[in-house]
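Each chain, letter by letter, is given below.
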2 protein chains.
Amino acid sequence: MKMAKLSEATGVPVATIKFYIRAGLLQGGERSLPNQADYGDAHVQRLRLIRGLIEVGGLTVAASQRVIEAIDSDKPLAETFEIAQQTVSDELDQSSLDPAALSRIDELLSGWHYHSTNPGRLAAARVLTAFEAVGQHDERGWFKRYAEAALLAAEADVDELETRHGREAQAETVVIGTVLGDALFAALRRAAQEHVSSLRFSTPLTPENSAETVEDRS
Amino acid sequence: MKMAKLSEATGVPVATIKFYIRAGLLQGGERSLPNQADYGDAHVQRLRLIRGLIEVGGLTVAASQRVIEAIDSDKPLAETFEIAQQTVSDELDQSSLDPAALSRIDELLSGWHYHSTNPGRLAAARVLTAFEAVGQHDERGWFKRYAEAALLAAEADVDELETRHGREAQAETVVIGTVLGDALFAALRRAAQEHVSSLRFSTPLTPENSAETVEDRS
């Protein structure tokens with residue numbers, strides 16, 4: 001198909017497609033005529049992936065490039081996973097973090113098996129420090145319950161991964177699950193917060209006189 | 001205290017403090033001499049909050065301003081909560097989303113009580129569409145299990161909120177929990193993914209010959 005058709009099939013504007021090709025995120029089409037290139041299904045698939053990573057996952061172009069290169073490589077799955085985790089995490093140096101916060105995270109996650117360089121371990125310690133710096137405290141097991149919820153999500157991630165066959169399909173699921181999983185969970189937590197607070201408070205944490213509730217829509 | 005002392009107490013550089021004051025995020029100090037201003041504990045607290053929201057929560061200056069204004073206002077808690085949720089969510093128009101994806105989210109969350117405009121509902125539908133556009137599918141209840149995990153986290157959020165007394169303390173917890181809760185969960189999920197995959201795979205999803213594991217450190 002021509003580029004105009006590719007744009008139509010994916011909803012990505014032609015100018016944006018050209019930008020992705022120049023940036024090296026998307027391979028150029030096959031030259032059919034000196035001034036015309038031909039695009040196939042692989043381009044459609046790849047463009048949808050780029051779009052999901054950037055528009056929904058919030059990755060930068062450079063970050064998308066890193067994870068896409070990892071999918072296309074023949075790196076072992078473990079390494080692809082590590083690249084995906086690092087790409088979605090701020091780069092933190094363990095020496096810049098409060099050792100007491102790191103110890104508390106390790107204590108909170110005791111029994112879990114992870115490397116001391118796991119980007120989640122470092123990021124969790126940083127959040128803990130920030131929570132405490134603003135006078136927040138954990139009276140009813142807030143952090144522990146988040147850890148339990150995170151374990152459920154990670155088990156769901158790995159269960160899904162086990163249903164995929166072949167290195168490339170698994171690498172794609174690892175990358176998409178890592179990037180879009182954050183967005184999915186954050187979204188569901190916001191719906192859950194409204195639900196739980198509406199059950200719990202006499203004045204629910206929902207906008208007054210606002211839109212209809214989903215249950216009212218029947 | 002003078003600005004240099006405020007900088008020392010919070011770890012925020014003087015130039016950054018001046019920027020926050022110019023941007024309206026932080027109140028200026030009380031003039032003690034024509035060329036000198038005096039800062040108090042309230043400035044220290046506020047600066048730590050700004051730092052947590054921006055550096056750890058990843059908010060922009062404008063977004064931080066919105067949620068800080070909401071904390072300082074006398075708006076009902078429900079409205080502060082709504083502002084916090086909107087601030088951390090992309091602005092999505094329901095009409096731009098796939099109605100089938102919205103229905104599937106409502107079905108997934110059936111029994112939950114939330115408004116049709118809940119930013120989490122809309123964002124979850126967008127993620128679902130992006131997942132499917134890249135050929136991902138849900139074979140072992142991936143989304144349902146994420147919803148269950150999100151419910152646990154939201155219950156922990158509301159339980160903590162109930163231990164706070166007074167509108168300002170509750171508003172601060174709502175804002176911090178909304179902004180930093182995303183970062184905390186994402187971090188813990190990364191540690192959990194390494195843990196679960198190390199149990200599940202013969203070649204664990206962890207870097208080979210890499211750093212020591214936390215358990216090895218004893």
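Placed above this text is the structure.
Here the structure is a predicted model, which is why all the values come from computation and not from measurement.

### Some thoughts on the packing of helix α7 (residues 119–133) of chain A against helix α9 (residues 167–200) of chain B
Now for step 1: Contact pair α7 of chain A / α9 of chain B: the axes reach a minimum separation of 7 Å and the direction vectors enclose 155 degrees. As the angle between them shows, α7 of chain A and α9 of chain B are arranged roughly antiparallel. Crossing of α7 of chain A over α9 of chain B shows left-handed handedness. Seen from α7 of chain A, the contacting residues are Gly-120, Arg-121, Ala-123, Ala-124, Val-127, Ala-130 and Phe-131 of chain A; seen from α9 of chain B, they are Ile-176, Leu-180, Ala-183, Leu-184, Ala-187, Leu-188, Arg-190 and Ala-191 of chain B.
Now for step 2: Across the contact of α7 of chain A with α9 of chain B, the residue classes break down as 12 nonpolar, 1 polar and 2 charged.

### Observations regarding the pairing of strand β1 (residues 30–33) of chain B
Residues and elements named next belong to chain B.
Now for step 1: One ladder, built from 3 bridges, connects β1 with strand β2 (residues 36–38); its direction is antiparallel. Within β2, the position partnered with Arg-31 by the bridge is Ala-37.
Now for step 2: With antiparallel pairing between neighbouring strands as the criterion, β1 and β2 make up a hairpin whose turn holds 2 residues.

### Brief notes about the interface of chain B and chain A
Now for step 1: Across the boundary between the two partners, chain B contributes 99 residues, which contact 98 residues of chain A.
Now for step 2: Together, the buried faces of chain B and chain A total about 10,100 Å²; carbon and sulfur atoms form 63% of this surface.
Now for step 3: Taken together, chain B and chain A are joined by 14 salt bridges.
Now for step 4: One salt bridge connects Arg-145 of chain A with Asp-159 of chain B, and the closest N-O pair in it is separated by 2.7 Å.
Now for step 5: Taken together, chain B and chain A are joined by 50 residue pairs in polar contact (both at pLDDT 80 or more).
Now for step 6: Those elements that place two or more of their residues in the side of chain B that touches chain A are α3 (41–56), α5 (77–87), α7 (119–133), α8 (142–162) and α9 of chain B.
Now for step 7: Looking at the side of chain B that touches chain A, the element that brings in the most residues is α9 of chain B, giving 25 residues.

Calculation criteria
- Every chain begins its residue count from 1, and numbering advances along the sequence as written.
- Whichever chain is written first is A, and whichever ligand is written first is 1; the rest continue in order.
- The predicted nature of this model means local features are confined to residues of pLDDT at least 70 and side-chain atom pairs, given and counted, to a pLDDT of 80 or more, with totals for whole chains, interfaces and linings taken over all residues.
- Each side-chain value is derived from all of the structure's non-hydrogen atoms; neither hydrogens nor water enter the calculation.
- Lines fitted to C-alpha atoms define the axes here, with helix axes fitted over just the stretch in contact, and angles between the N-to-C directions of these axes take values from 0 to 180 degrees.
- Strands are runs of DSSP state E lasting at least 2 residues, helices are runs of H or I lasting at least 4, and numbering of each runs from the N terminus.
- Angle categories: roughly parallel below 35 degrees, roughly antiparallel above 145, roughly perpendicular from 65 to 115, and oblique for all the rest.
- Crossing handedness is defined as follows: a turn of the near helix away from the far one that is anticlockwise and smaller than a right angle gives a left-handed crossing, while the clockwise case is right-handed.
- Here, two residues are considered to be in contact whenever any of their heavy atoms come within 4.5 Å of each other.
- Amino acids are sorted into nonpolar (Ala, Val, Leu, Ile, Met, Phe, Trp, Tyr, Cys and Pro), charged (Asp, Glu, Lys and Arg) and polar (every other residue, Gly among them).
- When DSSP finds two or more bridges between a pair of strands, those strands are recorded as paired.
- By buried area we mean the combined loss of accessible area, with a 1.4 Å probe, across both parts when two parts are placed together.
- Any carboxyl oxygen of Asp or Glu that lies within 4 Å of a side-chain nitrogen of Lys or Arg is treated as forming a salt bridge with it.
- In protein, a polar contact means a hydrogen-donor-capable atom and an acceptor-capable atom, both N or O and within 3.5 Å, with residues adjacent in sequence counting only if both atoms are side-chain atoms; elsewhere, any N or O pair within 3.5 Å suffices.

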